[in-house]
Each structure stands twice: as C-alpha cells, then as structure tokens.
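# Examination of the molecular architecture
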Amino acid sequence: MVEGLVRRTQYWNLPTHTVRAGATGHGESLIDLEEYLLPMTDARASALHTWGVAQGLEVSATVGAGEVTVSAGVAFDASGRTIVLSAAGVAVTDPAVDPTAVLDVETVAVGPAGVVLPTAGSAGSCVLTLTWREVQRDSGNSPTLLHAPWLRLLPANTFPDTGEHVVLAGLELSAAGLITSLAPGLRRLTASPTGRVELRAPHSTAGSVGQAPVATLGAEPNGDVLLELLGGAIPALRVSAGSGDARLSGALTAPSLTVGGAATVGSTLSVGGPVRTGRLAVGLGDAASARDVHIEGTEVHSGGPGGGYSFSDREMSSFVENPESGQRWVWYAKAGEARLWSHEDVLKVRPGAVAAASSDGVGLDVFRRMRVRSNGIFSAGIWFHQDADRGFVGMLDDTHVGFYGANGAGWGIVMDTAGAGVGIGIGAAATAARLHVDGFTAIRAAGRISRPGGGPGPFPTPVLFRGVGVEASGDIGIRSTGQLWAGQFEGDVRVNGTLSKSGGGFTIDHPVDPAGKYLSHSFVESPEMLNIYAGKLVTDLGGFGWIELPPYFEALNRDVTCTLTPVGREKPHVTVVGEVSGHRWQVRSDPGRVTVHWLVTGVRQDPWANAHRIVPETPKPGTQDAPFLHPELYGAELEQELFGQPVAAGNESTE
C-alpha cells in the first residue's frame, strides 16, 4: 500500500502555457513524461486490470449519522489511471469544485482512519464515487502536482456507470442528508483479464529450493474453461460454456469431497451435467451408499428463490415441467409456510409463531377434502388438543359418527350414518327419531332479536324480528309430550293462525290464599269469533245515556247484540235505542237516573276472520285408521289416536 504524498514535478507553466525554464525545463523531459511514460503506464494498467476497487477503500457509516468514512486504498478507472487514497496524503471532498481546475483547489488530509465525507446537501439514493485528480501546489520556481482523489456523492438515478468515476458504495439519505442505509450498490472489484493463469508451487531438489509450474487454468476458443495438471494426459476439470456443466475427467479418488459438508465419492462424479454414474454418499464414512444419493447425519438444505425439493410420480418415466395431473410434486417454503405444490398449492403448514401472528390462526390448510382412515386401529377421527386432548370428532363405530368430549361428556352428539338419526346426550344408544335429545333441559334455543318493539297491554303490537329460537315445518311442525306438561312458555305467545284445543283456561296464584292455593278458570267458548265489550252508565233525568264503544267497533264487528242490567231500582224499564252509530249506542230508562250495566257482543268481520271461519261440526274422514282425539275417553284403543306416536326414524314413507 502506498503511503504519503504521491507527487511529481510540474513542468508546465500554466499562466504562460510554456515549459518552465531551468534544469527541469527541457521539452524532451516533458514529452518523455507526459506523452510517453504516463500514457504507457495508463495503457498497461487498463490492459492488465478492469476498472474498480483494487485494495482497501472500505466505506463505514452509522445509520442516522451525517458523514461516511473512506479508508485508504487503491482503485483503477476505465482509462487505466491508478487512483491512490493514501494515508498522510490528500483528497478533494468539495462536490462543487470545477472538475477541470488544478489551481486553487482545496484539499483535506487523509488520516490514519481515512477521509471523513459529510453527507449534508444530498438526499435520496446516491452513489459514493472516487475520481482520479491532481492539484497544483506552488513552491517557488518548482511547483508540484499532488495526487488528490476526488470523493463525492452523486445522484444514483443519473449516474453514468462507465468507469470514469469508481463507485465505492450506495447510500440512502433522508431529506436532511442523514444516512438511512448503506450497501455495496454498484461497487465492483478489479480483475485481471487473461486467457491463461499458471499455478506454481514451491519446489526443491538436491541442494536448491525454488518454484515450478504445476497447473494452468485457461479458456478455450469455444469458451470452455479448463484446469490442467501439468504432465496429465487430459484436463482434470472442464466447465462447458454452453451448459455450465462441470466434468471431472476419469475417476476422482479422495477421502472426502467437501460440498457444504463431507462427501465421499467412490466413482466418476458429474456435477450439474448430464452424466449420472455411480452414487454420492455424504456422512457415511466407509459405508456404501444405499441410494444414488445417500446422506446421513444432517438435513439436506435447499434455498434461494427456487428452493425446494422436487419429486416425480413413480409411474412417470420423464421429467414434467408443468404437472397438471400430479406427475410431479414440490415441497417448498414461502412466507413462513411449508407448502406442497403440484400445478398449484394443495397443502400449507405453518409453525406456531406464524399461525399465532395470522388473522385466522390456521396451522394446517388443506385445499381439498380430507380422508381420515382408522386402518383397523381404534376409530377414524381427529383429536382436538388445548392443554390436553379435550375433544374428538370421528367415528364411534362402523355406522355412527359424532362428537366426543374427553372431560366427562363422552359422545355428546352421534349420527347414525345408515338411518340418519341424530342423538344428543344419549351416548352410544340407538336413536328413536330423526333427532333424539336426552337431558334435564333437552333443547334450549335463543334467537337474536334484531329490533325491539311492541306496545302496552297484554297483547303487544307485532314487530318485525329476525331472531328465531326454534323453527320447524312439516305436517306437524312441533309435536311434544311430557309427564307434567307438553310445553311451557316463559313470556308472551303469538299464534299466527288458528289455535285448536280440547279445552283451556287460566291458572294463577289464588288472590285470597296465594301461598296455599291456585285459582283456575275455563275459557269462554263460542262457535263464532265473538268479541265482548262491557261497562256501565247512569242515565240522566230524562232517562237517556250512551254506551261508548271503541272507534274501530263498527269496522271490526257485525251481528251486534246488547244485554242491559239495571241496578238499584225496582223493575225499571231499560232498552237500547236504534243501532250503533258513530261507535255509540243510546240507552233509555224509565224512570231516569238509573245505573245500567251493559254487555255488547259482536262477531269479527275483519279480513283474516272472514277467510278463516271456524266450522263447528266436521265429519271424520272414513279412510283414517285413527279417528279419535281422545280414544281413552270412549273406550277405544290408544293406537286409534289421531295424533299418535311418530314413525320411527328411518321408516318414514317416501310417497
């Protein structure tokens, strides 16, 4: 490495453009130096070296800092000029100086650690360059030229990478000129272009020590690269220019061949070429390889953009580049997932950290259906493990599939794969219906109300809603029996249709003895859809009074009747006058000032009632085998009940 100032005499008088007088002023000396020695040196350097960094010139920086440091070193530019940044020498760091100036150019000293170059004033993507340069320093009648390499930052997007400026590094700078990243960028190292390299080794004979050639590495006219051992009949190694194949000539005998590890080669080896003879063993020692490639002791690694392991269907006799029917498969990894590919990804496996960081938490992603087989061991299925095995989904036996809880629930849900019956809470017992539920509360369902509503009173105004706890349809939507009650409703019940029953009433806590008794009353029944209105009035001195009815009365009712009961007078005469008009009905008494209790009835005439009149008497179809609603009350068999036991699951008629 050169140290100190690199300088030479300035023979040329710049102000007068003449050769300086004196002992060094001979024109012949100027011609010899400027027109012969220096051009020859540059020509020789450009012929023997490609342009780039030859030695040193290491660039160091800290992210967030506003400067870089360049150590001493040597580079060649495309013209063959040698650029030397030497310790104790000088350099130019002003980016705005005239590129052609020689006089009055400021320089900085190169310290033991190199040159510090501020990055202020630059931003974005930049390249750090080193350019050949000389500056003149006057010293009386013998001025000198100092070799002062020019260090500066240039914009990367407009930089001409032609070799006039040697790139040392690439930088990313903030708007304030602070360093955000440092990379090699366009930095390149010099090379020595030659057609042949001779390799020599120390050599000794009796009474003397020297060196002798042992091999050559060269290129042939067709582009092949050969490594020849001197004295050998054929090249030891040939690398083909056309295919990149590397061939070892003859048998290679070696205790081990290191290719990212130990490899024992027992026969001819072809690397990357079409010749595939013998077997390759890695990590076997003296043991024989059991396969064409046999590796023991560690993993086989494949990396890079095309990393993975390709294997073909065993029935395929050739390589299929684009498999569409499973002719070839590839195991590879991407985005933290292991993937199995054949024309498309068919399986993904994520490690715990990747699955935990994902939005779905999936560890195994299968792109098609899965088949789980028992293979004669236990039953087919999948266990679900939290802190321990907690649940199982799979086959109970050959004809039942279900859900099993390992915390004591056992087989909570089981479906018969033949009869399609589903059992909940019955374990392995046979189902007695399409859905067979057993438990203290057999089924509990809750629907989400989407919009609350309703009005005052015991019959809330109907509202639109979406939440439905249980929904059923069929000839009989829901049928239930119970030892105590067939059904119990906590809350209001709405029937959007006709309610038919054998009887009914209400049962409440007895108002006189609520702790000791219940009070029950029967419903009032009628063959008509009858509305009842009741109230009382007091006639005036003239004997007139009014029954006030709801505004909708006349629209809702027809066939109106009225019953009047006078109170407090002996045999008064009370009657209604005319018909209902304006939802009022006049009452007259004789004498006046009589208290009258009234009861008004009317038959519904709204559209729904008109479309759904109750027919009081209907004949029983003679073709039915079960004509009784309550056969036990008439001495008939229970099997003759109209709504008897349901048909067993799996035995329904398909007609």
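Residues numbered from 1 in each chain as written. Predicted model: local features only at pLDDT ≥ 70, side-chain atom pairs only at ≥ 80, totals over all residues. Heavy atoms only, no water.

Let's shift gears to the pairing of strand β16 (residues 166–173). Working note: regular strand, side chains alternate between the two faces of the sheet. Counting buried positions over the eight residues of β16 gives seven, a clear majority of the element. Note that strand β12 (residues 124–131) and β16 share seven bridges and pair antiparallel. Bridged to T129 within β16 is V167. Bridge count for β16 against strand β17 (residues 179–183) is four bridges, and the pairing is antiparallel. (Buried < 20%, exposed > 50% of the residue type's maximum accessible area, 1.4 Å probe, protein only. Helix = DSSP H or I, 4+ residues; strand = E, 2+ residues; numbered from the N terminus. Pairing = 2+ DSSP bridges.)

It is worth spelling out the nonpolar core at this point. Counting 23 residues, the largest nonpolar core has L57, V70, L85, L128, L151, L168 and L171 as the members making the most contacts within it. Those elements giving two or more residues to this core turn out to be β6 (67–70), β8 (82–85), β11 (115–118), β12, β15 (150–155) and β16. The leading source of residues in this core is β16, at five residues. Aside from chain neighbours lying at most four places away, what touches V70 is L57, E58, V59, L85, A113, G114, V115, L128, L151 and L168. Core analysis: the second largest hydrophobic core is formed by 13 residues, L549, V574, V587 and W598 among them. (Core = buried A, V, L, I, M, F, W, Y, C linked by side-chain atoms within 4.5 Å. Contact = heavy atoms within 4.5 Å.)

By the bridge criterion, ten bridges tie strand β18 (residues 196–205) to strand β19 (residues 208–219) in an arrangement that is antiparallel. Within the sheet, the bridge partner assigned to R196 lies in β19 and is G218. Counting the residues in the hairpin turn of β18 and β19 gives two residues, including G207, whose phi is positive at 85°.

As a further point, take the sheet that holds strand β45 (residues 584–590). An order of β42-β45-β44 is seen for the three strands of this open sheet, with the pairing classed as antiparallel. Each edge of the open sheet carries a strand with a single partner, namely β42 (544–548) and β44 (573–581). For this sheet, the mean angle separating the axes of adjacent strands, direction not counted, is 25°. (Axes fitted to C-alpha atoms, helices over the stretch in contact; angles between N-to-C directions.)

Attention shifts here to the side chain of H147. With respect to the helices and strands, the residue H147 is situated in strand β14 (residues 144–147). In terms of polar contacts, H147 uses its side chain to reach the backbone amide nitrogen of V84, at 2.9 Å. (Polar contact = N/O pair within 3.5 Å; in protein donor to acceptor, adjacent residues only side chain to side chain.)

Now for a nonpolar patch on the surface. Residues V300, Y309, F311, W331, V349, L364, M370, V372, I382 and F384 make up a contiguous nonpolar surface patch of about 890 Å² in total accessible area. When contributions to the nonpolar patch are tallied by element, the ones reaching two or more residues are β28 (309–312) and β33 (381–385). Within the secondary structure layout, F311 lies in strand β28. Look at F311 and you get partly exposed, because its relative accessible area is 38%. (Patch = residues over 30% accessible without salt bridge, like charges linked within 9 Å, V, L, I, M, F, W, Y side chains within 5 Å. Areas by Shrake-Rupley, 256 points an atom, 1.4 Å probe, with all protein chains shown as cover. Salt bridge = Lys/Arg side-chain N within 4 Å of Asp/Glu carboxyl O.)

Read across the sheet, four strands follow the order β15-β12-β16-β17 without closing on themselves; strand pairing throughout is antiparallel. The outermost strands of the open sheet, each flanked by one partner alone, are β15 and β17. This sheet shows a mean twist of 30° between the axes of neighbouring strands, independent of strand direction.

How two aromatic rings sit relative to each other is given by the distance of their centres and the angle of their planes. Counted under the stated rule, the structure contains six aromatic pairs. Aromatic side chains W383 and F392 sit 5.2 Å apart centroid to centroid with 55° between the ring planes, which places their arrangement in the tilted category. Ring geometry for Y404 against W411: centres 5.3 Å apart, planes inclined by 65°, an arrangement best described as edge-to-face. Residue classification places Y404 among the partly exposed positions, given a relative accessible area of 30%. The class for W411 is buried, based on a relative accessible area of 16%. (Phe/Tyr/Trp six-rings, centres within 6.5 Å; stacked < 30°, edge-to-face > 60°.)

Another point: the confidence of the model for the protein. Do not read the predicted coordinates in detail wherever pLDDT is low. With 80% of its residues at a pLDDT of at least 70, the protein reaches an overall mean of 81. In this model, residues 647–655 is a region of pLDDT below 50 whose contacts with residues beyond four sequence positions or in other chains number seven contacts. (pLDDT = per-residue confidence, 0-100.)

Counting through the fold element by element, V197 comes out in strand β18. V197 gets classed as partly exposed once you look at its relative accessible area, which sits at 35%. Along the primary structure V197 and A215 are separated by 18 residues, whereas in three dimensions their C-alpha atoms are 8.5 Å apart. Once you skip the residues sitting within four places of it in the chain, V197 turns out to touch A215, T216 and L217.

We now examine the pattern of salt bridges. In the structure shown here, the tally under the stated rule is 14 salt bridges. With a closest N to O distance of 3.3 Å, D161 and R188 form a salt bridge. Separated by 27 residues along the polypeptide, D161 in the loop between β15 and β16 and R188 in the loop between β17 and β18 bring together distant segments of the chain. Owing to a relative accessible area of 26%, D161 belongs among the partly exposed residues under this scheme. Residue E337 pairs with R339 through a salt bridge whose shortest N-O separation is 2.9 Å.

Take the environment of G592 next. Within the secondary structure, G592 sits in the loop between β45 and β46 (595–604). Take G592: its relative accessible area is 14%, and that puts it in the buried class. Taking the C-alpha atoms as reference points, G592 and G545, separated by 47 residues in sequence, lie 9.5 Å from one another. In contact with G592, other than residues within four places in its own chain, are T539, D540, L541, G543 and R569.

What follows is about the environment of V524. One can find V524 in the loop between β40 (518–522) and β41 (530–538). Each C-alpha atom, one on V524 and one on G505, is 8.4 Å from the other, the two residues being 19 residues apart in sequence.

Backbone geometry follows two general trends: most residues other than glycine have a negative phi, and most peptide bonds adopt the trans configuration. Cis rather than trans, the peptide bond between D590 and P591 has omega equal to 5°. Locating P591 in the fold gives a position in the loop between β45 and β46. Phi is positive for A88, close to 75°, though the residue is something other than glycine. You can call A88 exposed: its relative accessible area is 59%. One non-glycine residue, A335, lies in positive phi territory at about 55°. Along the chain, the position of A335 falls in the loop between β29 (328–334) and β30 (337–341). A relative accessible area of 61% places A335 in the exposed class.

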